[in-house]
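# Reading the structure
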Amino acid sequence: YADLAMYRAKAEGRNTLRFYSPEMDSISWNNISLEADLRKAIAQEQFELYYQPQIDLATGAIAGAEALLRWSRPEFGLTSPNVFIDIAEETGLINEIGTWVLTKACTQAATWQSLGHAPFRISVNLSPLQFLRQDIVQVVENTLEQTGLNPGSLELELTEGSLLKDVERTKQVLRSLKELGVRVAIDDFGVGFSSLSYLKNFPVDTLKIDRSFISSLLAGSRDEAIVRAIISLAQSLELKVVAEGVETNQQLACLLSLSCDEAQGYLFSRPVPSGIFESLLRDYPRYLLRNQSVPAKKV
Ligand code: C2E
Ligand code: MG
Ligand code: MG
Ligand code: MG
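First things first, this report covers the structure right here in the doc. Here the structure is a predicted model, which is why all the values come from computation and not from measurement.

### Concerning the coordination of the magnesium ion (ligand 2)
Only Glu 66 (OE), Asn 125 (OD1), Glu 157 (OE) and Asp 187 (OD) from the protein coordinate the magnesium ion (ligand 2), and they sit 2.0 to 2.2 Å from it. Between the two metal centres, the magnesium ion (ligand 2) and the magnesium ion (ligand 3), the spacing is 4.1 Å, with Asp 187 acting as a shared donor. Here the residue Asn 125 occupies a position in strand 4 (residues 121-125), and Glu 157 occupies one in strand 5 (residues 154-158), the gap between them amounting to 32 residues. Assessed through its relative accessible area of 28%, Asn 125 is described here as partly exposed.

### Quick notes on the packing of aromatic side chains
Any two aromatic rings considered together are summarised by their centre-to-centre distance and by the angle between their planes. Throughout the structure, instances matching the rule amount to 10 aromatic pairs. Between Phe 47 and Trp 100, the aromatic rings sit 6.2 Å apart at their centres with planes inclined by 45°, giving tilted as the arrangement. Of this pair, Phe 47 sits in strand 1 (residues 47-56) while Trp 100 is found in helix 4 (residues 93-114), placing the two residues 53 residues apart along the sequence. Aromatic side chains Trp 112 and Phe 277 sit 4.9 Å apart centroid to centroid with 35° between the ring planes, which places their arrangement in the tilted category. Residue Trp 112 is located in helix 4, and its partner Phe 277 is located in helix 13 (residues 274-283); the two are separated by 165 residues in the primary sequence.

### Details of the nonpolar core
Membership of the largest hydrophobic core comes to 80 residues, with the highest contact counts inside it found for Ile 122, Val 140, Leu 154, Leu 177 and Phe 277. Top contributing element to this core by residue count: helix 4, with 10 residues. In this structure Leu 177 touches Phe 131, Val 137, Val 140, Leu 156, Val 182 and Val 184, once residues within four positions along its chain are discounted.

### Some words on the environment of Gln 134
As for its placement among the helices and strands, Gln 134 is situated in the loop between helix 5 (128-132) and helix 6 (136-147). Using a relative accessible area of 66% as the deciding quantity, one classes Gln 134 as exposed. Linking Gln 134 and Val 173, residues 39 residues apart in sequence, is a C-alpha distance of 9.3 Å.

### Examining the site of ligand 1
Around ligand 1, a shell composed of 24 residues is seen, among which Arg 70, Ser 80, Asp 187, Glu 247 and Tyr 266 lie nearest. With respect to ligand 1, the side chain of Gln 52 contributes an N or O atom lying 3.0 Å from a nitrogen atom. Between ligand 1 and Arg 211, the relevant distance is 3.0 Å, taken from an oxygen atom to a side-chain nitrogen or oxygen of the residue. For ligand 1, whose unbound accessible area comes to 800 Å², protein coverage reaches 85%. Taken together, the elements giving at least two residues each to the shell around ligand 1 come down to strand 2 (62-73), helix 3 (81-90) and strand 6 (183-189). Grouping the constituent residues of the shell around ligand 1 by class yields nine nonpolar, seven polar and eight charged.

Rules behind the numbers
Residues numbered from 1 in each chain as written. Chains lettered and ligands numbered in written order. Predicted model: local features only at pLDDT ≥ 70, side-chain atom pairs only at ≥ 80, totals over all residues. Heavy atoms only, no water. Donors = N, O, S within 2.8 Å, 3.2 Å for Na, K, Ca; no water. Helix = DSSP H or I, 4+ residues; strand = E, 2+ residues; numbered from the N terminus. Buried < 20%, exposed > 50% of the residue type's maximum accessible area, 1.4 Å probe, protein only. Phe/Tyr/Trp six-rings, centres within 6.5 Å; stacked < 30°, edge-to-face > 60°. Core = buried A, V, L, I, M, F, W, Y, C linked by side-chain atoms within 4.5 Å. Contact = heavy atoms within 4.5 Å. Near = heavy atom within 4 Å. Polar contact = N/O pair within 3.5 Å; in protein donor to acceptor, adjacent residues only side chain to side chain. Areas by Shrake-Rupley, 256 points an atom, 1.4 Å probe, with all protein chains shown as cover. Nonpolar A, V, L, I, M, F, W, Y, C, P; charged D, E, K, R; others polar.

Here's what the structure looks like:
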C-alpha cells in the first residue's frame, strides 16, 4: 500500500507518510477515483456554471447572479462542489478550475450586459488556495481585460478560510482588487470565529449572511436578533448585505422588515443553467416585495 500512502501524503500536501489501516480503504479509493475523474473533467469539458439570482429587495429586480460550479460526472450525474472542492484544493486542480470559472462567469456576464441587462453583477466564489496564489490580482485583471467586463460588475466571494490564512497578504490583495475596481463579498458571514475582526482590517463591499441564520428566521426569534444586528452593522459600515438561502415568504417578510438589501434563495430561484437564467432575466416579474401582493415564483 505504499502508493496509497504516498498518494494520501501528497493529497494532504504535507511531507508525511500515512500508514494503511482498513478503515481508510473506501474513503481513500473514493478520493483516488474522484481525483482521476476530476483531472479528466477539465480536459473533457464536464464543468458547467449554474446561476442563481440575487434579488434587490427594494425593487424586486434581479441585481446580479452568483455563479455556482456544477460537474456532470459520468455515472454520478450533476455534482455539487461540496463533493469535490476539497479534493480540487488538495491537489491544486482548483487553480485551473477556478480560472475556468472566472473566465466563464465574466464572459457570461459581459454577454448579458450587452443584451441590455445592465447594470448586472456577477458573483464568483474563490477558494482559499486560489485567493492566495501569487498572481491572483493579475489573473483577475487579465480576465476582465479578456472578457471586456467592467470591474465594478464583478464581485468575488471569499470565506473566512481564505481571509485568515495570511492576514498581511490578504490586506495587500484586497487593496489591489479594490484599485482594480472589483467588489469583494464575505461569504457565509457570521459562522466564523472572527467575523468582526476582518471587518476591522479588510476593505470589503458586501456581507452575505450565512444560510444558517436564515433557515429558521421568524419575527421575534434569536435568529432575527442576530440578522438585525448583522444588517445594522453592514449599514453603519456602508456595506451591502445579502441574505443567503431564503426559502419562505415568512423569511422574506422578516428580511423586508429589517431592510436587508438583497436576497438569494430557492424562494426566488434555484441555481439554473445559463439558458434558463437568461429567460429569467427577460421575464422575471418585479415582485411587489414591499407589500407582497404577488407571491414569489418558484423555478
Ligand atoms: P456558497 O458560495 O455559500 O453557495 C451557496 C450554496 O447554497 C449553493 O450550493 C446554493 O446552491 C445553495 N443554496 C442557494 N439557495 C439555497 C436555499 O434557498 N436553500 C438551500 N438549502 N441551499 C441554497 P452549491 O451550489 O452546492 O455550492 C456549495 C458551495 O461550493 C458554495 O457555497 C461555495 O462555497 C462552493 N462553490 C460553488 N461554486 C464554486 C466555484 O466556482 N469555486 C469555488 N471555489 N467554490 C465554489
Ligand atoms: Mg458563495
Ligand atoms: Mg454562502
Ligand atoms: Mg458555503
